[in-house]
Amino acid sequence: MKKISREKFGSRFGVLMAMAGSAIGLGNMWRFPYLTAKNGGAAFIVIYLLLMLTISLPTMITEYLIGRRSRSNAYSAYGRLGFPKLKFIGLMAIFAVVFVLSFYIVVGGWATRYLVEACTLGFQSTATDYSGKFASFVSSTAYPLIYTFIFLSLTAVIISGGVKKGIEAFSKIMMTVLFIIIILVAIHAISLPGAMDGVKYLLVPDFSKVTGETWVTALGQSFFSLGLGCGTILVYGSYVKTEEDLSMSAIFTAFIDTGFAIVAGLAIIPAIFAIASMNGVEPNVDAGPGLVFITLPSIFASMPFGSVIAILFFLSLGLAAITSSISLLESFVAYVMEVWNISRKKAVLFASIICLCLGAFCSLSQGVLSDVRILGMNVFDFFDKASSNFFMTVSCLLMLIFAGWFMKKEDFMDELTGRGLSKTPGWLQKLIYLLVKFIAPIGVLTIIICNFFF
Ligand code: PFF
(Lines give C-alpha, C1' and ligand atoms only; values in the text may rest on other atoms or scores of the structure.)
Protein backbone atom coordinates (compact mmCIF):
# COMPACT_ATOMS: atom_id res chain seq x y z
CA MET A 1 0.00 0.00 0.00
CA LYS A 2 1.26 3.47 -0.92
CA LYS A 3 2.37 5.49 2.12
CA ILE A 4 0.77 8.91 2.43
CA SER A 5 1.70 11.69 4.76
CA ARG A 6 -1.25 13.01 6.64
CA GLU A 7 -1.85 15.48 9.40
CA LYS A 8 -1.71 13.70 12.79
CA PHE A 9 -2.77 14.39 16.36
CA GLY A 10 0.20 15.64 18.36
CA SER A 11 -0.23 13.93 21.72
CA ARG A 12 -1.95 10.99 23.38
CA PHE A 13 -3.97 13.37 25.57
CA GLY A 14 -5.08 15.16 22.39
CA VAL A 15 -6.23 11.88 20.80
CA LEU A 16 -8.15 10.88 23.91
CA MET A 17 -9.84 14.26 24.28
CA ALA A 18 -10.81 14.41 20.60
CA MET A 19 -12.25 10.88 20.77
CA ALA A 20 -14.04 11.61 24.06
CA GLY A 21 -15.29 14.88 22.58
CA SER A 22 -16.83 13.03 19.67
CA ALA A 23 -18.50 10.47 21.91
CA ILE A 24 -19.70 12.78 24.68
CA GLY A 25 -22.46 14.91 23.26
CA LEU A 26 -26.14 15.71 23.29
CA GLY A 27 -26.84 11.98 23.45
CA ASN A 28 -25.22 11.76 26.89
CA MET A 29 -27.02 14.73 28.39
CA TRP A 30 -30.25 14.75 26.48
CA ARG A 31 -31.08 11.04 26.06
CA PHE A 32 -29.07 8.83 28.40
CA PRO A 33 -30.49 10.23 31.68
CA TYR A 34 -34.15 9.85 30.71
CA LEU A 35 -33.60 6.47 29.06
CA THR A 36 -31.88 5.22 32.22
CA ALA A 37 -34.61 6.62 34.46
CA LYS A 38 -37.32 5.08 32.29
CA ASN A 39 -35.70 1.66 31.86
CA GLY A 40 -34.96 0.56 35.40
CA GLY A 41 -31.98 2.74 36.48
CA ALA A 42 -28.89 0.65 37.15
CA ALA A 43 -30.56 -2.31 35.41
CA PHE A 44 -30.36 -0.29 32.19
CA ILE A 45 -26.76 0.72 32.93
CA VAL A 46 -25.75 -2.94 33.42
CA ILE A 47 -27.36 -3.93 30.10
CA TYR A 48 -25.82 -0.91 28.41
CA LEU A 49 -22.34 -1.86 29.64
CA LEU A 50 -22.76 -5.49 28.66
CA LEU A 51 -23.78 -4.59 25.11
CA MET A 52 -21.09 -1.96 24.90
CA LEU A 53 -18.34 -4.42 25.81
CA THR A 54 -19.50 -7.17 23.48
CA ILE A 55 -20.88 -5.25 20.51
CA SER A 56 -20.28 -1.48 20.43
CA LEU A 57 -16.68 -1.49 21.59
CA PRO A 58 -15.49 -4.11 19.05
CA THR A 59 -17.32 -2.11 16.38
CA MET A 60 -15.57 1.04 17.49
CA ILE A 61 -12.17 -0.67 17.46
CA THR A 62 -12.89 -1.91 13.92
CA GLU A 63 -13.79 1.55 12.64
CA TYR A 64 -10.74 3.05 14.32
CA LEU A 65 -8.51 0.32 12.89
CA ILE A 66 -9.79 0.71 9.33
CA GLY A 67 -9.17 4.46 9.57
CA ARG A 68 -5.65 4.12 10.85
CA ARG A 69 -4.67 1.43 8.39
CA SER A 70 -6.10 3.23 5.38
CA ARG A 71 -5.14 6.75 6.52
CA SER A 72 -8.13 8.03 4.67
CA ASN A 73 -11.74 9.22 4.84
CA ALA A 74 -14.61 6.73 5.19
CA TYR A 75 -15.35 6.54 1.46
CA SER A 76 -11.80 6.08 0.15
CA ALA A 77 -10.77 3.72 2.98
CA TYR A 78 -12.00 0.53 1.34
CA GLY A 79 -10.26 1.32 -1.94
CA ARG A 80 -7.01 2.04 -0.11
CA LEU A 81 -7.24 -1.32 1.64
CA GLY A 82 -7.56 -3.05 -1.73
CA PHE A 83 -11.35 -3.39 -1.99
CA PRO A 84 -12.53 -0.59 -4.30
CA LYS A 85 -15.81 -2.39 -4.96
CA LEU A 86 -16.70 -1.99 -1.26
CA LYS A 87 -16.52 1.80 -1.33
CA PHE A 88 -20.31 1.88 -1.06
CA ILE A 89 -19.94 0.90 2.62
CA GLY A 90 -18.03 4.11 3.18
CA LEU A 91 -20.61 6.03 1.20
CA MET A 92 -23.29 4.87 3.64
CA ALA A 93 -21.21 6.32 6.45
CA ILE A 94 -21.04 9.63 4.57
CA PHE A 95 -24.84 9.63 4.24
CA ALA A 96 -25.11 8.82 7.93
CA VAL A 97 -22.86 11.69 8.90
CA VAL A 98 -24.68 14.24 6.73
CA PHE A 99 -28.07 13.13 8.08
CA VAL A 100 -26.91 13.22 11.71
CA LEU A 101 -25.27 16.61 11.24
CA SER A 102 -28.42 18.08 9.74
CA PHE A 103 -30.51 17.60 12.87
CA TYR A 104 -27.62 17.72 15.34
CA ILE A 105 -26.70 21.30 14.46
CA VAL A 106 -30.35 22.30 14.97
CA VAL A 107 -30.37 20.89 18.52
CA GLY A 108 -26.90 22.44 19.00
CA GLY A 109 -28.55 25.73 18.00
CA TRP A 110 -31.27 25.23 20.62
CA ALA A 111 -28.58 24.60 23.27
CA THR A 112 -26.79 27.80 22.17
CA ARG A 113 -30.04 29.75 22.45
CA TYR A 114 -30.70 28.42 25.96
CA LEU A 115 -27.14 29.28 26.99
CA VAL A 116 -27.65 32.85 25.77
CA GLU A 117 -30.92 33.02 27.65
CA ALA A 118 -29.33 31.62 30.83
CA CYS A 119 -26.60 34.28 30.59
CA THR A 120 -29.00 37.17 29.95
CA LEU A 121 -32.59 36.94 31.22
CA GLY A 122 -32.10 33.62 33.01
CA PHE A 123 -34.82 31.20 34.05
CA GLN A 124 -36.13 32.96 37.10
CA SER A 125 -39.86 32.76 37.02
CA THR A 126 -41.49 29.59 38.31
CA ALA A 127 -44.77 30.80 36.77
CA THR A 128 -43.44 30.67 33.19
CA ASP A 129 -44.87 27.99 30.90
CA TYR A 130 -41.50 26.55 29.80
CA SER A 131 -43.16 23.93 27.65
CA GLY A 132 -45.08 26.54 25.66
CA LYS A 133 -41.97 28.70 25.47
CA PHE A 134 -39.89 25.86 24.03
CA ALA A 135 -42.60 24.89 21.54
CA SER A 136 -42.99 28.45 20.34
CA PHE A 137 -39.20 28.88 19.98
CA VAL A 138 -38.54 25.71 17.99
CA SER A 139 -41.56 26.24 15.75
CA SER A 140 -40.65 29.84 14.91
CA THR A 141 -38.89 30.48 11.63
CA ALA A 142 -35.96 32.84 12.04
CA TYR A 143 -34.49 32.38 15.53
CA PRO A 144 -33.76 28.64 15.44
CA LEU A 145 -32.17 29.15 12.04
CA ILE A 146 -29.97 31.96 13.30
CA TYR A 147 -28.81 29.86 16.26
CA THR A 148 -28.20 26.84 14.03
CA PHE A 149 -26.07 29.09 11.84
CA ILE A 150 -24.09 30.37 14.83
CA PHE A 151 -23.50 26.85 16.15
CA LEU A 152 -22.42 25.51 12.76
CA SER A 153 -20.15 28.50 12.13
CA LEU A 154 -18.32 27.93 15.42
CA THR A 155 -17.82 24.29 14.47
CA ALA A 156 -16.59 25.24 11.00
CA VAL A 157 -14.13 27.82 12.29
CA ILE A 158 -12.53 25.29 14.66
CA ILE A 159 -12.23 22.66 11.93
CA SER A 160 -10.69 25.15 9.53
CA GLY A 161 -7.72 25.30 11.92
CA GLY A 162 -6.81 21.71 10.95
CA VAL A 163 -6.25 18.57 13.00
CA LYS A 164 -3.65 19.75 15.50
CA LYS A 165 -4.30 23.45 15.81
CA GLY A 166 -8.06 23.22 15.40
CA ILE A 167 -9.63 19.94 16.50
CA GLU A 168 -7.00 18.78 18.98
CA ALA A 169 -6.29 22.15 20.60
CA PHE A 170 -9.97 22.98 21.11
CA SER A 171 -10.95 19.48 22.24
CA LYS A 172 -8.29 19.55 24.98
CA ILE A 173 -9.56 22.84 26.39
CA MET A 174 -13.27 22.25 25.93
CA MET A 175 -13.30 18.73 27.34
CA THR A 176 -11.35 19.74 30.45
CA VAL A 177 -13.79 22.59 31.11
CA LEU A 178 -16.73 20.29 30.41
CA PHE A 179 -15.58 17.62 32.91
CA ILE A 180 -15.08 20.22 35.64
CA ILE A 181 -18.47 21.85 35.08
CA ILE A 182 -20.53 18.68 34.96
CA ILE A 183 -18.95 17.39 38.17
CA LEU A 184 -19.72 20.70 39.92
CA VAL A 185 -23.31 20.70 38.69
CA ALA A 186 -23.77 17.07 39.78
CA ILE A 187 -22.34 17.75 43.26
CA HIS A 188 -24.70 20.70 43.64
CA ALA A 189 -27.68 18.61 42.49
CA ILE A 190 -26.91 15.73 44.86
CA SER A 191 -26.49 18.07 47.81
CA LEU A 192 -30.02 19.51 47.49
CA PRO A 193 -32.47 18.31 50.16
CA GLY A 194 -34.56 15.42 48.82
CA ALA A 195 -32.08 14.66 46.04
CA MET A 196 -31.22 11.20 47.36
CA ASP A 197 -34.51 9.81 46.10
CA GLY A 198 -33.39 10.84 42.61
CA VAL A 199 -29.99 9.23 43.08
CA LYS A 200 -31.74 6.00 44.11
CA TYR A 201 -34.15 6.26 41.18
CA LEU A 202 -31.21 6.51 38.83
CA LEU A 203 -28.83 4.03 40.40
CA VAL A 204 -30.87 1.33 42.14
CA PRO A 205 -31.64 -1.42 39.63
CA ASP A 206 -35.27 -2.20 38.88
CA PHE A 207 -35.23 -5.25 36.64
CA SER A 208 -39.03 -5.29 36.43
CA LYS A 209 -38.81 -2.40 33.95
CA VAL A 210 -36.50 -4.32 31.61
CA THR A 211 -38.15 -5.57 28.44
CA GLY A 212 -36.89 -6.73 25.05
CA GLU A 213 -37.16 -3.14 23.93
CA THR A 214 -34.76 -2.09 26.70
CA TRP A 215 -31.99 -4.13 25.06
CA VAL A 216 -32.60 -2.63 21.63
CA THR A 217 -32.77 0.87 23.11
CA ALA A 218 -29.54 0.33 25.07
CA LEU A 219 -27.65 -0.88 22.02
CA GLY A 220 -29.00 1.91 19.81
CA GLN A 221 -28.03 4.47 22.45
CA SER A 222 -24.51 3.07 22.79
CA PHE A 223 -24.04 3.19 19.01
CA PHE A 224 -25.17 6.79 18.85
CA SER A 225 -23.17 7.72 21.91
CA LEU A 226 -19.93 6.24 20.62
CA GLY A 227 -20.74 7.77 17.22
CA LEU A 228 -20.37 4.54 15.25
CA GLY A 229 -20.97 4.14 11.55
CA CYS A 230 -20.56 7.79 10.57
CA GLY A 231 -16.89 7.65 9.66
CA THR A 232 -16.00 9.97 12.55
CA ILE A 233 -13.98 7.40 14.48
CA LEU A 234 -12.51 6.22 11.18
CA VAL A 235 -11.31 9.70 10.26
CA TYR A 236 -10.00 10.45 13.75
CA GLY A 237 -8.28 7.05 13.65
CA SER A 238 -6.59 8.06 10.42
CA TYR A 239 -4.93 10.95 12.29
CA VAL A 240 -3.59 8.72 15.09
CA LYS A 241 0.06 7.62 15.14
CA THR A 242 0.76 3.93 14.58
CA GLU A 243 2.42 3.44 17.97
CA GLU A 244 -0.70 4.63 19.83
CA ASP A 245 -2.44 1.72 21.58
CA LEU A 246 -5.65 1.59 19.60
CA SER A 247 -7.65 -0.80 21.77
CA MET A 248 -6.74 1.06 24.96
CA SER A 249 -7.82 4.41 23.57
CA ALA A 250 -11.10 2.91 22.34
CA ILE A 251 -11.72 1.34 25.77
CA PHE A 252 -10.89 4.64 27.46
CA THR A 253 -13.33 6.50 25.19
CA ALA A 254 -16.14 4.04 25.82
CA PHE A 255 -15.71 4.20 29.60
CA ILE A 256 -15.34 7.96 29.85
CA ASP A 257 -18.40 8.32 27.63
CA THR A 258 -20.49 6.09 29.91
CA GLY A 259 -19.05 7.66 33.07
CA PHE A 260 -19.93 11.10 31.76
CA ALA A 261 -23.46 10.02 30.90
CA ILE A 262 -23.97 8.72 34.45
CA VAL A 263 -22.61 11.95 35.96
CA ALA A 264 -24.90 13.93 33.62
CA GLY A 265 -27.79 11.80 34.93
CA LEU A 266 -26.69 12.68 38.48
CA ALA A 267 -26.69 16.37 37.54
CA ILE A 268 -30.27 16.16 36.26
CA ILE A 269 -32.45 13.49 37.91
CA PRO A 270 -31.68 14.22 41.62
CA ALA A 271 -32.33 17.94 40.99
CA ILE A 272 -35.75 17.11 39.56
CA PHE A 273 -36.58 14.98 42.62
CA ALA A 274 -35.33 17.63 45.04
CA ILE A 275 -37.39 20.45 43.54
CA ALA A 276 -40.46 18.21 43.25
CA SER A 277 -40.26 17.31 46.94
CA MET A 278 -39.80 21.02 47.79
CA ASN A 279 -42.95 21.88 45.84
CA GLY A 280 -44.85 18.82 47.06
CA VAL A 281 -45.43 17.41 43.56
CA GLU A 282 -44.53 14.16 41.80
CA PRO A 283 -41.14 14.28 40.03
CA ASN A 284 -41.53 14.25 36.27
CA VAL A 285 -38.56 12.43 34.76
CA ASP A 286 -40.52 10.95 31.92
CA ALA A 287 -40.50 14.10 29.84
CA GLY A 288 -38.33 12.44 27.21
CA PRO A 289 -36.28 14.81 25.10
CA GLY A 290 -38.14 17.75 26.66
CA LEU A 291 -36.32 17.02 29.94
CA VAL A 292 -33.42 19.33 29.18
CA PHE A 293 -35.26 22.20 27.49
CA ILE A 294 -38.55 22.17 29.39
CA THR A 295 -38.20 20.48 32.78
CA LEU A 296 -34.75 21.80 33.66
CA PRO A 297 -35.41 25.53 33.09
CA SER A 298 -38.33 25.36 35.52
CA ILE A 299 -36.10 23.44 37.97
CA PHE A 300 -33.41 26.13 37.69
CA ALA A 301 -36.06 28.76 38.43
CA SER A 302 -36.72 27.27 41.88
CA MET A 303 -33.24 26.01 42.76
CA PRO A 304 -30.75 27.70 45.11
CA PHE A 305 -28.03 29.31 42.89
CA GLY A 306 -30.29 28.36 39.98
CA SER A 307 -29.11 31.13 37.66
CA VAL A 308 -25.45 30.15 37.99
CA ILE A 309 -26.25 26.45 37.63
CA ALA A 310 -28.36 27.19 34.54
CA ILE A 311 -25.42 28.95 32.89
CA LEU A 312 -23.05 26.11 33.78
CA PHE A 313 -25.50 23.46 32.63
CA PHE A 314 -26.23 25.00 29.25
CA LEU A 315 -22.56 25.80 28.79
CA SER A 316 -21.77 22.13 29.32
CA LEU A 317 -24.56 21.13 26.92
CA GLY A 318 -23.16 23.49 24.29
CA LEU A 319 -19.58 22.25 24.77
CA ALA A 320 -20.66 18.62 24.59
CA ALA A 321 -22.63 19.35 21.42
CA ILE A 322 -19.87 21.25 19.67
CA THR A 323 -17.10 18.71 20.27
CA SER A 324 -19.37 16.06 18.72
CA SER A 325 -20.35 18.21 15.79
CA ILE A 326 -16.65 18.90 15.17
CA SER A 327 -16.05 15.18 14.64
CA LEU A 328 -19.16 14.86 12.50
CA LEU A 329 -18.28 17.76 10.26
CA GLU A 330 -14.65 16.59 10.05
CA SER A 331 -15.78 13.22 8.68
CA PHE A 332 -17.69 14.98 5.90
CA VAL A 333 -14.91 17.54 5.32
CA ALA A 334 -12.23 14.82 5.03
CA TYR A 335 -14.35 13.14 2.36
CA VAL A 336 -14.93 16.34 0.37
CA MET A 337 -11.30 17.42 0.71
CA GLU A 338 -9.75 14.11 -0.32
CA VAL A 339 -12.18 12.87 -2.93
CA TRP A 340 -12.41 16.19 -4.74
CA ASN A 341 -8.86 17.19 -3.98
CA ILE A 342 -9.63 20.67 -2.69
CA SER A 343 -8.22 22.68 0.21
CA ARG A 344 -9.45 22.24 3.79
CA LYS A 345 -10.96 25.73 3.90
CA LYS A 346 -12.94 25.23 0.68
CA ALA A 347 -14.09 21.79 1.84
CA VAL A 348 -15.26 23.23 5.18
CA LEU A 349 -17.20 25.92 3.37
CA PHE A 350 -18.82 23.49 0.97
CA ALA A 351 -19.70 20.91 3.65
CA SER A 352 -21.11 23.62 5.93
CA ILE A 353 -23.34 25.02 3.21
CA ILE A 354 -24.81 21.57 2.50
CA CYS A 355 -25.41 20.94 6.20
CA LEU A 356 -26.91 24.36 6.72
CA CYS A 357 -29.41 23.83 3.88
CA LEU A 358 -30.46 20.41 5.20
CA GLY A 359 -30.41 21.72 8.78
CA ALA A 360 -32.77 24.52 7.70
CA PHE A 361 -35.27 21.91 6.51
CA CYS A 362 -34.99 20.08 9.85
CA SER A 363 -35.47 23.27 11.79
CA LEU A 364 -38.41 24.49 9.71
CA SER A 365 -40.03 21.06 9.98
CA GLN A 366 -40.81 21.97 13.60
CA GLY A 367 -42.94 24.88 12.35
CA VAL A 368 -43.85 26.14 8.89
CA LEU A 369 -42.82 22.92 7.12
CA SER A 370 -44.41 20.56 9.64
CA ASP A 371 -46.79 19.31 6.95
CA VAL A 372 -43.95 18.03 4.78
CA ARG A 373 -43.81 14.29 5.50
CA ILE A 374 -41.30 11.65 4.47
CA LEU A 375 -42.45 8.08 5.22
CA GLY A 376 -45.01 9.62 7.58
CA MET A 377 -42.42 11.61 9.56
CA ASN A 378 -41.44 15.27 9.58
CA VAL A 379 -38.00 16.04 8.11
CA PHE A 380 -36.29 16.27 11.52
CA ASP A 381 -37.58 12.88 12.67
CA PHE A 382 -36.88 11.34 9.28
CA PHE A 383 -33.21 12.42 9.40
CA ASP A 384 -32.93 11.14 12.96
CA LYS A 385 -34.53 7.76 12.21
CA ALA A 386 -32.90 7.28 8.80
CA SER A 387 -29.44 7.82 10.28
CA SER A 388 -29.80 5.91 13.56
CA ASN A 389 -31.98 3.05 12.33
CA PHE A 390 -30.55 2.60 8.88
CA PHE A 391 -27.37 4.29 7.68
CA MET A 392 -25.35 4.04 10.92
CA THR A 393 -26.32 0.49 11.76
CA VAL A 394 -26.14 -0.93 8.24
CA SER A 395 -22.78 0.70 7.58
CA CYS A 396 -21.49 -0.78 10.88
CA LEU A 397 -22.75 -4.23 9.99
CA LEU A 398 -21.10 -4.16 6.57
CA MET A 399 -17.91 -2.74 8.08
CA LEU A 400 -17.77 -5.59 10.63
CA ILE A 401 -18.36 -8.17 7.91
CA PHE A 402 -15.58 -6.56 5.90
CA ALA A 403 -13.13 -6.62 8.83
CA GLY A 404 -14.00 -10.13 9.99
CA TRP A 405 -14.46 -11.89 6.66
CA PHE A 406 -12.81 -9.92 3.85
CA MET A 407 -9.78 -8.31 5.44
CA LYS A 408 -6.85 -10.66 6.07
CA LYS A 409 -6.61 -11.66 9.73
CA GLU A 410 -2.85 -10.81 9.72
CA ASP A 411 -3.63 -7.28 8.53
CA PHE A 412 -6.29 -6.83 11.19
CA MET A 413 -3.94 -8.05 13.93
CA ASP A 414 -1.01 -6.10 12.57
CA GLU A 415 -2.96 -2.85 12.80
CA LEU A 416 -4.55 -3.74 16.13
CA THR A 417 -1.10 -4.07 17.63
CA GLY A 418 0.24 -0.93 15.94
CA ARG A 419 2.45 -3.06 13.66
CA GLY A 420 3.94 -4.60 16.78
CA LEU A 421 4.62 -1.24 18.41
CA SER A 422 1.88 -1.35 21.06
CA LYS A 423 1.57 -3.94 23.78
CA THR A 424 -2.00 -5.19 23.44
CA PRO A 425 -2.07 -8.48 25.43
CA GLY A 426 -2.47 -11.62 23.28
CA TRP A 427 -5.72 -12.75 24.94
CA LEU A 428 -7.26 -9.33 24.31
CA GLN A 429 -6.28 -9.42 20.64
CA LYS A 430 -7.91 -12.84 20.23
CA LEU A 431 -11.02 -11.77 22.11
CA ILE A 432 -11.42 -8.62 20.02
CA TYR A 433 -11.10 -10.58 16.79
CA LEU A 434 -13.65 -13.13 17.93
CA LEU A 435 -16.13 -10.42 18.87
CA VAL A 436 -15.59 -8.58 15.57
CA LYS A 437 -16.00 -11.70 13.47
CA PHE A 438 -19.01 -13.30 15.16
CA ILE A 439 -20.68 -11.60 18.10
CA ALA A 440 -20.79 -7.94 17.04
CA PRO A 441 -22.26 -8.55 13.55
CA ILE A 442 -24.99 -10.75 15.03
CA GLY A 443 -25.77 -8.06 17.62
CA VAL A 444 -25.93 -5.30 15.02
CA LEU A 445 -28.06 -7.41 12.71
CA THR A 446 -30.45 -7.96 15.60
CA ILE A 447 -30.97 -4.23 16.17
CA ILE A 448 -31.48 -3.65 12.46
CA ILE A 449 -34.17 -6.34 12.37
CA CYS A 450 -35.83 -5.10 15.57
CA ASN A 451 -35.84 -1.50 14.31
CA PHE A 452 -37.44 -2.53 11.07
CA PHE A 453 -40.07 -4.91 12.31
CA PHE A 454 -41.04 -3.78 15.82
N1 PFF B 1 -21.92 10.74 20.22
C2 PFF B 1 -22.63 11.96 20.02
C3 PFF B 1 -23.65 12.16 21.12
O4 PFF B 1 -23.81 11.29 21.98
O5 PFF B 1 -24.32 13.18 21.12
C6 PFF B 1 -23.28 12.08 18.68
C7 PFF B 1 -22.47 11.58 17.51
C8 PFF B 1 -21.14 11.97 17.34
C9 PFF B 1 -23.08 10.72 16.62
C10 PFF B 1 -20.41 11.46 16.28
C11 PFF B 1 -22.37 10.22 15.55
C12 PFF B 1 -21.03 10.60 15.40
F13 PFF B 1 -20.36 10.13 14.38
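Each remark here, short or long, concerns the structure printed above.
Rules used in this analysis
Residues numbered from 1 in each chain as written. Predicted model: local features only at pLDDT ≥ 70, side-chain atom pairs only at ≥ 80, totals over all residues. Heavy atoms only, no water. 1 Å grid on protein atoms, 1.4 Å probe; cavity = no way out; pocket = protein on both sides within 12 Å on 5 of 7 lines; lining within 4 Å. Points joined across faces, edges and corners; volume = space filled by probe spheres on them. Helix = DSSP H or I, 4+ residues; strand = E, 2+ residues; numbered from the N terminus. Near = heavy atom within 4 Å. Sits in = over half its atoms within 2 Å of the grid points. Axes fitted to C-alpha atoms, helices over the stretch in contact; angles between N-to-C directions. Parallel < 35°, antiparallel > 145°, perpendicular 65-115°, else oblique. Left-handed = near helix turned anticlockwise from the far one by under 90°. Contact = heavy atoms within 4.5 Å. Nonpolar A, V, L, I, M, F, W, Y, C, P; charged D, E, K, R; others polar. Buried < 20%, exposed > 50% of the residue type's maximum accessible area, 1.4 Å probe, protein only. Phe/Tyr/Trp six-rings, centres within 6.5 Å; stacked < 30°, edge-to-face > 60°. Lys NZ or Arg CZ within 6 Å of the ring centre and 35° of its normal.

1. Here we look at the layout of surface pockets
Size it by volume and the largest pocket reaches roughly 990 Å³. Lining the largest pocket are 37 residues; nearest its centre among them are R31, Y34, D384, K385 and N389. If you list the elements that add at least two residues to the lining of the largest pocket, you get helix 2 (26–38), helix 5 (87–119), helix 10 (212–226), helix 13 (290–302), helix 16 (379–406) and helix 18 (426–453). When residues in the lining of the largest pocket are grouped by element, the largest group, 8 residues, is from helix 16.

2. Observations concerning the site of the ligand
By nearness alone, 15 residues border the ligand, and A23, G27, Y104, S225 and T232 come closest of all. Mapping the ligand onto the cavity grids shows that it belongs to the largest cavity. Counting residues per element, the ones that place at least two in the shell around the ligand are helix 1 (12–23), helix 2, helix 10 and helix 14 (306–339).

3. Examining the packing of helix 3 (residues 42–70) against helix 18
Two elements in contact, helix 3 and helix 18, have axes separated by 8 Å at closest approach and are oriented at 115°. When the interaxial angle is binned, helix 3 and helix 18 end up roughly perpendicular. Crossing hand, helix 3 versus helix 18: left-handed. The residues of helix 18 that touch helix 3, namely those facing L53, T54, I55, P58, T59, I61 and T62, are I432, L435, V436, I439, A440, G443 and V444. Tallied by class, the residues present in the contact of helix 3 with helix 18 amount to 10 nonpolar, 4 polar and no charged.

4. Things to note about unusual backbone geometry
In this model, N341 sits at a positive phi of 55°, which is unusual for a non-glycine residue. Note on placement: N341 falls in the loop between helix 14 and helix 15 (344–364). In this structure, L375 takes a positive phi of about 50° despite not being glycine. Mapped onto the fold, L375 is located in the loop between helix 15 and helix 16. The exposed category is assigned to L375, whose relative accessible area is 72%.

5. What about the packing of aromatic side chains?
On inspection of all chains with the given rule, the structure shows 39 aromatic pairs. Measuring from centroid to centroid gives 4.6 Å for F99 and F383, while their planes differ by 10°, and the two rings are stacked. Of the two residues, F99 is situated in helix 5 and F383 in helix 16; the sequence distance between them amounts to 284 residues. The two residues F99 and F383 agree in class, both being buried. One aromatic cluster is present, built from ring pairs that chain together F103, W110, Y114, F123, Y130, F134, F293, F300, F313, F314 and F380. Sitting above the plane of the W405 ring, K437 keeps its charged end 3.9 Å from the centroid.

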